[in-house]
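The residues making up each chain are set out below.
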Amino acid sequence: MTHPVRIPAGEADPDDRPAITRAADGLRYAADYAKSRNVRVVTENIGGLLSTSDNVNRLLEACGGRVGLTVDFGNFPEDKYRQLAEVLPYADTVHAKARTKSGGIVDEDDFYRCLQLCANAGFRGPLSLTYLDEGDAWEALDGLRSMADNV
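Here's a quick rundown of the structure. Bear in mind that the values here come from a model prediction, so they are computed numbers and not experimental data. (Residues numbered from 1 in each chain as written. Predicted model: local features only at pLDDT ≥ 70, side-chain atom pairs only at ≥ 80, totals over all residues. Heavy atoms only, no water.)

Some points on the packing of helix H3 (residues 80-87) against helix H4 (residues 108-120)
Then, in step 1: Two elements in contact, H3 and H4, have axes whose closest approach is 9 Å; the angle formed by their N-to-C orientations is 25°. Comparing the axis directions of H3 and H4 gives the class roughly parallel. Crossing angle aside, the handedness with which H3 passes H4 is right-handed. In this structure, H3 uses Lys80, Tyr81, Leu84 and Ala85 to contact H4, whose residues at the interface are Asp110, Arg113, Cys114 and Leu117.
Then, in step 2: Among the residues forming the contact of H3 with H4, the class breakdown is five nonpolar, no polar and three charged. (Axes fitted to C-alpha atoms, helices over the stretch in contact; angles between N-to-C directions. Helix = DSSP H or I, 4+ residues; strand = E, 2+ residues; numbered from the N terminus. Parallel < 35°, antiparallel > 145°, perpendicular 65-115°, else oblique. Left-handed = near helix turned anticlockwise from the far one by under 90°. Contact = heavy atoms within 4.5 Å. Nonpolar A, V, L, I, M, F, W, Y, C, P; charged D, E, K, R; others polar.)

Dropping the structure here:
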């Protein structure tokens, strides 16, 4: 059984192309070390450097398939749905983070749309349900699980 370890690519500015190269070098090195120990290195669309789908895809290409990807619904600050659609085909796992409205109410339209993007991309891996707002988190997570089960 292979165990994953998530390593973020960094906080560099998204326009810093040399930072993508440095991050890819470090992630490949970690992946090569981890492989013989039954560990798969994955990164996530988190932080400044991977705040765009173009950078995520550049990094993954530079890693040559040796590094996996966790996609988080909430981490693309602009043009979220287009960018999610561009990276979800490469996802090993998904952080299914619910966007909320005032009062901690889950934005069901947004969550369903993100789940549909997963289905369209052929994603069948694990979803890590994430709720980060006020209210009963367990109740919200149960609702998210019900929505995910119906897509």
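That shown, we press on.
Digging into the nonpolar core
Then, in step 1: Formed by 40 residues in total, the largest nonpolar core has its most connected members in Leu59, Val71, Phe73, Leu84, Leu88, Val94 and Phe111.
Then, in step 2: Every element with two or more residues in this core is listed here: helix H1 (17-35), helix H2 (53-63), strand E3 (68-72), H3, strand E4 (93-97), H4 and helix H5 (137-149).
Then, in step 3: Sorting elements by how many residues they give to this core places H1 first, with seven residues.
Then, in step 4: Apart from the residues lying within four places of it in its own chain, the contact partners of Leu88 are Val71, Val94, Leu117, Cys118 and Ala121. (Core = buried A, V, L, I, M, F, W, Y, C linked by side-chain atoms within 4.5 Å. Buried < 20%, exposed > 50% of the residue type's maximum accessible area, 1.4 Å probe, protein only.)

Let's talk about the pattern of salt bridges
Then, in step 1: Applying the stated criterion across every chain yields a total of 12 salt bridges.
Then, in step 2: Here Arg22 ties to Asp16 by a salt bridge, and the two come within 3.6 Å at their closest N and O atoms.
Then, in step 3: Put simply, Lys80 and Asp110 hold a salt bridge, and the shortest N to O gap is 2.9 Å. Of the two residues, Lys80 is situated in helix H3 and Asp110 in helix H4; the sequence distance between them amounts to 30 residues.
Then, in step 4: A relative accessible area of 13% means that Lys80 is categorised as buried.
Then, in step 5: Among the charged side chains, a salt-bridge network with shared partners connects Lys80, Arg99, Asp107 and Asp110. (Salt bridge = Lys/Arg side-chain N within 4 Å of Asp/Glu carboxyl O.)

Some details on the environment of Tyr29
Then, in step 1: Secondary-structure assignment places Tyr29 in helix H1.
Then, in step 2: Since its relative accessible area comes to 65%, Tyr29 is described here as exposed.
Then, in step 3: Separated by 12 residues in sequence, Tyr29 and Val41 place their C-alpha atoms 9.9 Å apart.

Some points on the pairing of E3
Then, in step 1: Of all five residues in E3, five are buried, a share of seventy percent or more.
Then, in step 2: Taking every second residue as pointing to the same face, both faces of E3 are buried, with Gly68, Thr70 and Asp72 on one and Leu69 and Val71 on the other.
Then, in step 3: The pairing of strand E2 (residues 39-44) with E3 spans three bridges and is parallel. Across the sheet, Thr43 pairs through a bridge with Leu69, a residue of E3.
Then, in step 4: Strand direction decides the pairing type here: E3 and E4, joined by three bridges, are parallel. Paired with Thr70 across the two strands is Thr93, which belongs to E4.
Then, in step 5: Viewed along the sheet, the connection from E3 through H3 into E4 turns out right-handed. (Pairing = 2+ DSSP bridges. Right-handed = clockwise from strand over helix to strand, strands pointing away.)

Focus on the packing of aromatic side chains
Then, in step 1: This structure, assessed with the given rule, holds one aromatic pair.
Then, in step 2: Each ring, one from Phe73 and one from Phe111, has its centre 5.9 Å from the other, and the planes form 70°; the classification is edge-to-face. Taken together, the residues Phe73 in the loop between E3 and H3 and Phe111 in helix H4 connect sequence positions 38 residues apart. Both residues of the pair, Phe73 and Phe111, count as buried.
Then, in step 3: It is Arg37 that lies over the ring of Tyr33; its NZ or CZ is 3.8 Å from the centre. (Phe/Tyr/Trp six-rings, centres within 6.5 Å; stacked < 30°, edge-to-face > 60°. Lys NZ or Arg CZ within 6 Å of the ring centre and 35° of its normal.)

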